[in-house]
Amino acid sequence: MSDKSPSPDERLQREFNRWADEGEGEKMERHHLDITEKTIRRMDLRPGERILDLGCGSGWATRLLARMVSEGPQGFGQVVGVDISDEMIRQARGASKDFENVMFVVGSSAQIPWEENFFDKVLSVESFYYYPDQKRALAELFRVMAPRGRLFILINLYKDNPYSLQWVPKLKVPVHVRSAAEYVELLKAHAFENVEYSQIPDDTPTPEGYKTTSFHSLDDLKAFKRIGALLLMASKPDLRNPAPGYTIY
Ligand SMILES: C[S@@+](CC[C@H](N)C(=O)[O-])C[C@H]1O[C@@H](n2cnc3c(N)ncnc32)[C@H](O)[C@@H]1O
């Protein structure tokens, strides 16, 4: 018998492979579509851009992004989906055969399998609070983002939406629970600039009689959607041409 306990990344991979096997990858599209579309509108995507979808799951948002950056006067845009669950990545690849400009790679937020200074924009939907080492994830994001690249982190579980805290005991892996203000400080501490946040309500209707296992009641689910998700936005500074007052250490 092996006494080696799984690493945090191995635990995440096992748990999200289980989610994928149970069809959760597909279901998440329904739950996250409204807030993700609102976020994508803010990303101001242009044909030709290079985009990372970190924690892409079954890849539905990756494909939305791919349609928006595909071919245009600026050239051929590419989208890379990275996820720690090899089963999610297998499903994402299977559903994306018609796309020439997407690629899915198994990888961890602790070591994003890509070169530095590459991505113009990064989207991460409902994934960031699972990362065991969020500081390392931010350092990795900073590394792979292009100068002046833009980061968009969307999360539903955070202190300022108290209804979301009902999930914490139900989850089988540890999570971070921070406030919007704490996240802003974390991003600033990792040298991101133009750090701001916004709350994105989920306007999808909640049918009467809808069965929820994640919330104590339907009223709590409705209140959770009304308060909405946290969208964190930031830029990587252009270190070759820093803004006035920006200090390079
Ligand atoms: C709640 S799901 C969201 C998936 C997808 N973004 C969506 O909205 O459908 C969280 C995803 O993050 C991935 N994930 C969790 N921790 C990760 C890590 N440390 N590095 C990369 N991906 C991770 C999981 O495997 C899972 O697919």
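Residues numbered from 1 in each chain as written. Predicted model: local features only at pLDDT ≥ 70, side-chain atom pairs only at ≥ 80, totals over all residues. Heavy atoms only, no water.

Draft legend 1. Up close: helix 3 (residues 60-69). Of all 10 residues that make up helix 3, seven are buried, and the element is covered over most of its length. Within the span of helix 3, buried status applies to Trp60, Ala61, Thr62, Arg63, Leu65, Ala66 and Val69. (Buried < 20%, exposed > 50% of the residue type's maximum accessible area, 1.4 Å probe, protein only. Helix = DSSP H or I, 4+ residues; strand = E, 2+ residues; numbered from the N terminus.)

Draft legend 2. Region of interest: the packing of aromatic side chains. Evaluation of the coordinates by the stated rule reveals 12 aromatic pairs. Summarising the aromatic geometry, the rings of Trp114 and Phe119 are spaced 5.8 Å apart at their centres and angled 45 degrees between planes, so their arrangement reads as tilted. In this structure Phe119 comes out as buried when scored by relative accessible area, which is 1%. Pairing Trp167 with Phe215 gives two aromatic rings, centres 5.9 Å apart and planes at 70 degrees, and the pair type is edge-to-face. Here Trp167, found in the loop between strand 7 (145-155) and helix 6 (180-189), pairs with Phe215, found in the loop between strand 8 (193-200) and helix 7 (218-227); they are 48 residues apart in sequence, far enough to count as distant. On the basis of relative accessible area, Phe215 is assigned to the buried category, the value being 8%. An aromatic cluster of three or more residues is present, and its members are Phe16, Trp19, Tyr129 and Tyr130. Sitting above the plane of the Phe118 ring, Arg50 keeps its charged end 3.9 Å from the centroid. Positioned above the aromatic ring of Phe142, the side-chain terminus of Lys236 is 4.9 Å from the ring centre. (Phe/Tyr/Trp six-rings, centres within 6.5 Å; stacked < 30°, edge-to-face > 60°. Lys NZ or Arg CZ within 6 Å of the ring centre and 35° of its normal.)

Draft legend 3. A look at the site of the ligand. Surrounding the ligand, one finds 21 residues, the nearest of these being His32, Gly55, Trp60, Asp83 and Ser127. The contact in question runs from an oxygen atom of the ligand to an N or O atom on the side chain of Trp60, over 2.8 Å. At a separation of 2.9 Å, a nitrogen atom of the ligand approaches a polar backbone atom of Val125. Contact with the protein chains removes 99% of the 600 Å² of surface that the ligand exposes when unbound. Elements represented by at least two residues in the shell around the ligand include exactly helix 1 (8-21) and helix 2 (24-42). At three residues, helix 1 tops the list of elements feeding residues into the shell around the ligand. Of the residues belonging to the shell around the ligand, the class tally is 11 nonpolar, eight polar and two charged. (Near = heavy atom within 4 Å. Polar contact = N/O pair within 3.5 Å; in protein donor to acceptor, adjacent residues only side chain to side chain. Areas by Shrake-Rupley, 256 points an atom, 1.4 Å probe, with all protein chains shown as cover. Nonpolar A, V, L, I, M, F, W, Y, C, P; charged D, E, K, R; others polar.)

Draft legend 4. Inspection of helix 7 at higher detail. Among all positions of helix 7, only Leu218, Asp220, Leu221, Ala223, Phe224 and Lys225 are buried. Of the residues one or two after helix 7, Gly228 is the one with positive phi, at around 90 degrees.

Draft legend 5. Fine view of the sheet that holds strand 8. With mixed pairing, the seven strands of this open sheet are ordered in space as 5-4-1-6-7-9-8. Looking at strand neighbours, the two that pair on one side only are strand 5 (102-106) and strand 8, the edges of this open sheet. Geometrically, the sheet is characterised by an average inter-axis angle of 15 degrees between neighbouring strands, direction not taken into account. In terms of strand pairing, strand 1 (residues 50-54) meets strand 6 (residues 119-125) through three bridges, oriented parallel. If you follow Leu52 over to strand 6, its bridge partner there is Val122. Contacts from helix 3 reach strand 1, strand 4 (78-83), strand 5 and strand 6, with the element oriented near 165 degrees to strand 4. Those strands touched by helix 4 (residues 86-94) are strand 4 and strand 5, and its axis lies near 165 degrees from that of strand 5. (Pairing = 2+ DSSP bridges. Axes fitted to C-alpha atoms, helices over the stretch in contact; angles between N-to-C directions. Contact = heavy atoms within 4.5 Å.)

Draft legend 6. Main features of the nonpolar core. Grouped together as the largest cluster of nonpolar side chains are 48 residues, with contacts concentrated most on Leu52, Phe128, Leu138, Leu141, Leu151 and Phe192. Each residue touching Phe128, except ones within four places of it in the same chain, is listed here: Gln134, Ala137, Leu138, Leu141, Ile153, Ile155 and Tyr183. Core analysis: the next-biggest nonpolar cluster, separate from the first, contains 25 residues, Phe104, Phe152, Leu231 and Met233 among them. (Core = buried A, V, L, I, M, F, W, Y, C linked by side-chain atoms within 4.5 Å.)

Draft legend 7. Geometry of the side chain of Glu87. As for its placement among the helices and strands, Glu87 is situated in helix 4. For Glu87, a relative accessible area of 17% translates into the label buried.

Draft legend 8. Layout of the side chain of Asp83. Here Asp83 shows up in strand 4. Salt bridges are absent for the buried Asp83, whose nearest opposite-charge side chain, Arg93, sits at 11 Å. Polar contacts involving the side chain of Asp83 include one to the main-chain amide nitrogen of Cys56, which spans 3.2 Å. When near neighbours in sequence (up to four residues on either side) are disregarded, Asp83 contacts Gly55, Cys56, Gly57, Met88, Ile89, Val105, Val106 and Gly107. (Lys, Arg positive; Asp, Glu negative; His and termini not counted. Salt bridge = Lys/Arg side-chain N within 4 Å of Asp/Glu carboxyl O.)

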